[in-house]
Amino acid sequence: MTNPNDQFERLEEKLLKAIELFKRTQGEKRALEQENTKLKAEFKEHAHGNNAMEKELIALRKEREDVRARVEKLLERIDLLTSPDSEG
């Protein structure tokens, strides 16, 4: 027959192990939540930076097209001035 004290001690050991496991998983959960919060903040920061770079890229492309149009107009004027028909 099993001694009731032995059964109680085994139960107590199991409960203590369960409590330790619970504490450890709670600590890991808190660490993961902090990591998650940090990563979300970094993601927002990068997303904001990407939006700013995208706007700048759009502005630079527009500026390039404006410059290209102006250069084409200047080349057309030069062609008109230097064409054989204009020497007359």
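If you're wondering where the values come from, they're calculated on a predicted model, not measured in any experiment.

J.: Describe the overall build of the protein, with residues and values.
T.: When helices and strands are tallied, the protein shows one helix and zero strands. Relative to the compact-globule value of 12 Å for 88 residues, the protein shows a C-alpha radius of gyration of 38 Å, a clear excess of over 25%. Counting across all 88 residues of the protein, residues that qualify as buried make up 0%. Of the roughly 8,900 Å² of accessible surface on the protein, 57% is carried by carbon and sulfur atoms. For the protein, the separation between the mean place of its 18 positive charges and that of its 20 negative charges on side chains is 6 Å.

J.: Any details on a negative patch on the surface? Residues and values, ideally.
T.: Together, Asp6, Glu9, Glu12 and Glu13 make up a negatively charged patch on the protein surface. Inspection of the secondary structure puts Glu9 in helix H1 (residues 4-82). Its relative accessible area of 43% is what places Glu9 among the partly exposed residues.

J.: Report on the pattern of salt bridges, specifying residues and quantitative values.
T.: Here the structure, examined in full by the defined rule, presents four salt bridges. Glu33 is the partner of Lys29 in a salt bridge, and the nearest nitrogen-oxygen pair spans 4.0 Å. A residue pair is termed a helical-turn pair when its members lie 3 or 4 positions apart in one helix, as Lys29 and Glu33 do in helix H1 at four residues. Put simply, Arg68 and Glu65 hold a salt bridge, and the shortest N to O gap is 3.2 Å. Taken together, the residues span about one helical turn, with Arg68 and Glu65 both in helix H1 at a distance of three residues. The exposure class of Arg68 is partly exposed, given its relative accessible area of 42%. Among the residues examined, Glu65 registers a relative accessible area of 37% and is labelled partly exposed. Where salt bridges share partners, they join Arg64, Glu65 and Arg68 into one cluster.

What counts as what
Within each chain, residues carry numbers counting from 1 in the order of the written sequence. Per-residue local features of the predicted model are confined to residues with pLDDT of at least 70, and side-chain atom pairs are confined, for both listing and counting, to 80 or more; whole-chain, interface and lining totals are unaffected and use all residues. Note that the side-chain values use all heavy atoms of the structure and ignore hydrogens as well as water. Only DSSP runs of H or I with at least four residues qualify as helices, and only runs of E with at least two residues qualify as strands; both kinds are numbered from the N terminus onward. Note on method: radius of gyration uses C-alpha positions; expected globular size equals 2.2 Å times residues raised to 0.38. Note on exposure labels: buried denotes an accessible area under 20% of the residue type's maximum, exposed denotes more than 50%, and partly exposed covers the range between, all computed with a 1.4 Å probe on protein chains only. Computed with a 1.4 Å probe, the accessible areas rest on the Shrake-Rupley method; for each residue, only the protein chains presented here act as cover. All tallies of charge rest on Lys and Arg as positive and Asp and Glu as negative; His and the ends of each chain are not included. Each charge is placed at NZ for Lys, CZ for Arg, CG for Asp and CD for Glu. The patch calculation keeps residues exceeding 30% relative accessible area without a salt bridge and links them within 9 Å when they carry like charges or within 5 Å when they are nonpolar (Val, Leu, Ile, Met, Phe, Trp, Tyr). Each reported salt bridge corresponds to a side-chain nitrogen of Lys or Arg within 4 Å of a carboxyl oxygen of Asp or Glu.

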